[in-house]
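Here is how the chains run, residue by residue.
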Amino acid sequence: MDMPTRAIPGRNGASTAAPGFLPGDSLFASQGGIFHGRGCLLHAQPRGDVGRHAAGLLAEAAATQAAPVLLGLLPYDPAQPAQLRVPEKWIRTQAPQDLPIASMPAILRTREHPTGARYEEGVREALARLDAEPALRKLVLARTLQLDLSRAVDLPRLIDRLWQRNPHGYTYAMPLDADGAYFVGASPELLVRRRGRQVYVHPLAGTAARHPDAEADARNGQALLESPKDLREHAVVVEAIDAALRPLCRALDVPARPGLTSTARLWHLGTPITGELADPDISALDLAIALHPTPAVCGLPAADARRAIADIEPFERGYFAGAVGWCDARGDGVWSVAIRCARMAGSAMTLYAGAGIVPGSVPEQERVETGNKLRTILDALGLETAP
């Protein structure tokens, strides 16, 4: 989508990801630019038939806006309400080059839910299910870390720090209700991008920790590329995306093996998938709905995995493991997987992280992996706690 670009200086002339971010504003940032939605012209919280509601909002907004854009947040469970917003106006800026560091609030209390030990028990339950149900090939189990802070987090500063630490990913901040709650995060994973008939998907599955020593870090990445367990976990995701996209595309290119992609903390296996739509009326949001939830955040088969997750996980995921992004009236847009995230409400935050469980998974290693994923938000907060 072509939008005018305007860099907005912060302190010391630095461009910031969230200049003048006000309560009720929304944001979705990627390498293509930073989309900052000011205010809200139209808002809907549909349960089901999200695509129809989105099209209706864009059509209504077209009466007063030349090129309306919708920002959206899809829940993990499609039976729960989505968040669809058309901003009153938008600001688009280039990625920041340098950002100031400011003090963040102190931690008053932390609560793991489930605890690390209980999470490992859940992984063992998942492995037993995988063994007992051969059709069930993968489960993704998550846990949360709840923080009580000394004061509310400076949301614009948190957005800036998330973007600074994850410039190759997707940083987002979406309001949830009139009480000021927000869903924020910095996802490394693209769910789908659509430009005209061209479709691009880059699923991630299979994870290893980064290392501060360059040689050790390279060995970690290479070991991940050769890990049978992680390659098996990744293949399940790619197969499911292939099955979902191929009927919608007249051409689809799926590489035979994954490559490496990275964040500041983690290596991931990733496969870039490109396609050409058979029907030009299929929008980016339609594609996101067709793909969501991928086995990277749920499991395979999806219905069986959902039931197992509901039995094992002791909390509601909400928008964690959902999708977040934007689309326009032409159907173009970008949607990322809503991970590396937190729900913010005043001085309380709930952080989420999950790990894919396949035969061969080790409970302790999966717990450590979720702890590394929680560090995306913790690092941006400048907090040292590491469950």
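Residues numbered from 1 in each chain as written. Predicted model: local features only at pLDDT ≥ 70, side-chain atom pairs only at ≥ 80, totals over all residues. Heavy atoms only, no water.

### Some thoughts on the confidence of the model for the protein chain
Here is the rule: A score between 0 and 100, pLDDT records how confident the predictor is in each residue. Residues count as neighbours in contact if any of their non-hydrogen atoms are within 4.5 Å of one another.
Taken as a whole, the protein chain shows an average pLDDT of 89; of its residues, 91% reach a score of 70 or greater. Segment residues 1-15 is flagged for pLDDT under 50; beyond a separation of four residues in sequence, or across chains, it makes 40 contacts in the model.

### Re the layout of surface pockets
Selection rule: Definitions used for this entry: grid spacing 1 Å over protein atoms alone; cavity, a set of points where a 1.4 Å probe fits but cannot get out; pocket, an open set with protein on both sides within 12 Å along at least 5 of 7 lines; lining residue, one with an atom within 4 Å of a point. Grid points are joined across faces, edges and corners, and a volume is the space filled by probe spheres set on the points. Working definition: helices are DSSP H or I runs of at least four residues, strands are E runs of at least two. Numbering for both runs from the N terminus. Residue polarity follows a fixed list, in which Ala, Val, Leu, Ile, Met, Phe, Trp, Tyr, Cys and Pro are nonpolar, Asp, Glu, Lys and Arg are charged, and the others, Gly among them, are polar.
Approximately 580 Å³ is the volume found for the largest pocket. Ser 30, Gln 31, His 168, Gly 169 and Tyr 170 are the residues nearest the centre of the largest pocket, which is lined by 37 residues in total. The greatest single-element share of the lining of the largest pocket, amounting to 4 residues, is contributed by strand S11 (residues 190-195). Residues belonging to the lining of the largest pocket are distributed by class as follows: 15 nonpolar, 15 polar and 7 charged. Around the second largest pocket, the lining comprises 14 residues; the ones closest to its centre are Tyr 76, Asp 77, Glu 316, Arg 317 and Gly 318. Taken together, the residues that form the lining of the second largest pocket break down as 7 nonpolar, 2 polar and 5 charged.

### Things to note about the pattern of salt bridges
Note the following rule: The salt bridge definition used is simple: a Lys or Arg side-chain nitrogen within 4 Å of an Asp or Glu carboxyl oxygen. Each residue is assigned to one of three classes by its accessible area relative to the maximum for its type, calculated with a 1.4 Å probe on protein chains only: buried under 20%, partly exposed between the two thresholds, exposed over 50%.
Under the defined criterion, the tally for this structure stands at 25 salt bridges. Residues Arg 317 and Glu 313 are paired through a salt bridge, measuring 2.7 Å at the closest nitrogen-oxygen approach. Comparing Arg 317 with Glu 313, the two get one shared label, buried. Look at the salt bridges and you will find they share partners, linking Lys 138, Lys 229, Asp 230, Glu 233 and Glu 366 into a network.

### Side note on the pairing of strand S17 (residues 273-277)
Which entries qualify depends on this criterion: Two strands make a pair as long as DSSP finds a minimum of two bridges between them.
The alternating pattern of S17 places Ile 273, Gly 275 and Leu 277 on a buried face and Thr 274 and Glu 276 on a face that is not buried. Of the pairings in the sheet, the one linking strand S12 (residues 198-202) to S17 comprises 4 bridges and is antiparallel in character. When the sheet's bridge partners are listed, Val 199 is paired in S17 with Gly 275. Examined bridge by bridge, strand S14 (residues 249-253) and S17 share 4 bridges and lie antiparallel to one another. Bridging from a neighbouring strand, Asp 253 pairs with Thr 274 of S17.

### Regarding the sheet that holds strand S15 (residues 259-262)
In a beta sheet, neighbouring strands pair by backbone hydrogen bonds and run either parallel or antiparallel. As a reminder of what qualifies: Helix axes use the C-alpha atoms of the stretch in contact, all axes being lines fitted to C-alpha atoms, and the angles between their N-to-C directions lie in the range 0 to 180 degrees.
Taken together, the 3 strands give an open sheet; going across it, the order is S13-S16-S15, and neighbouring strands pair in antiparallel fashion. Both outer strands of the open sheet, strand S13 (204-209) and S15, are each paired with one neighbouring strand and no more. Across the sheet, the axes of successive neighbouring strands diverge by a mean angle of 35°, strand direction being ignored. Packed on one face of the sheet, helix H5 (residues 228-245) meets S13 and strand S16 (266-270) and runs near 155° to S13.

### As for the environment of Gly 318
Topologically, Gly 318 is positioned in the loop between helix H7 (302-312) and strand S19 (322-328). Between the alpha carbons of Gly 318 and Ala 240 there is a distance of 23 Å; along the sequence they are 78 residues apart. Those residues in contact with Gly 318 that sit more than four places away from it in its chain are Pro 75 and Tyr 76.

### Focus: empty space enclosed by the protein
This structure, assessed with the given rule, holds 2 cavities of 30 Å³ or more. Estimates place the volume of the largest cavity at around 240 Å³. Forming the walls of the largest cavity are 25 residues, and the residues nearest its centre are Ala 296, Ile 339, Arg 340, Gly 354 and Lys 373. Elements that contribute at least two residues to the lining of the largest cavity include exactly strand S8 (138-149), S13, strand S22 (348-357) and helix H8 (363-381).

### Topic: the nonpolar core
What tends to happen in soluble globular proteins is that the nonpolar side chains get buried as a cluster. Selection rule: By convention a nonpolar core is built from buried Ala, Val, Leu, Ile, Met, Phe, Trp, Tyr and Cys residues, the set being connected through side-chain atoms within 4.5 Å.
Val 192 and Trp 335 are the most contacted members of the largest nonpolar core, which has 76 residues in total. For Val 192, the contacting residues outside a window of four places in its chain are Val 199, Tyr 200, Val 201, Ala 284, Leu 287, Ala 288, Leu 291, Gly 333, Val 334 and Trp 335. The next biggest cluster of nonpolar side chains, apart from the first, holds 29 residues, and it includes Leu 158, Tyr 182, Met 349 and Ala 380.

### Section: the packing of H5 against helix H6 (residues 284-291)
The line we're drawing: Convention used here: angles under 35 degrees read as roughly parallel, angles over 145 as roughly antiparallel, angles from 65 to 115 as roughly perpendicular, and any remaining angle as oblique. Left-handed describes a crossing whose near helix is turned anticlockwise from the far helix through less than a right angle; right-handed describes the clockwise counterpart.
One way to put it is that H5 packs onto H6 with a least axis distance of 10 Å and a crossing angle of 130°. When the interaxial angle is binned, H5 and H6 end up oblique. The chirality of how H5 crosses H6 is right-handed. Judged by residue contacts, Ile 241, Ala 244 and Leu 245 of H5 engage Leu 287, Ala 290 and Leu 291 from H6.

### What to know about unusual backbone geometry
Each neighbour pair has its own omega, and for His 113 with Pro 114 the value is 0°, a cis peptide bond. Looking at the element boundaries, Pro 114 is found in the loop between strand S7 (107-113) and helix H2 (116-132). Cis peptide bonds are those with omega within 30 degrees of zero, and the linkage from His 292 to Pro 293 qualifies with -10°. Mapped onto the fold, Pro 293 is located in the loop between H6 and strand S18 (299-300). Although it is not a glycine, Ala 321 adopts a positive phi angle of roughly 70°. Summarising the element assignment, Ala 321 is placed in the loop between H7 and S19. For Ala 321, a relative accessible area of 0% translates into the label buried. The phi torsion at Arg 340 lies on the positive side, around 50°, for a residue other than glycine.

### What to know about H6
Helical geometry: 3.6 residues make up each α-helical turn, so side chains three or four residues apart lie on a common side. What counts, and what does not: This arc describes the spread of directions from the helix axis toward the C-beta atoms.
Inspection of H6 places Ala 284, Leu 285, Leu 287, Ala 288 and Leu 291 among the buried residues, and these make up the whole buried set. Along the axis of H6, the buried residues cluster in a sector spanning 160°; they form a single face.

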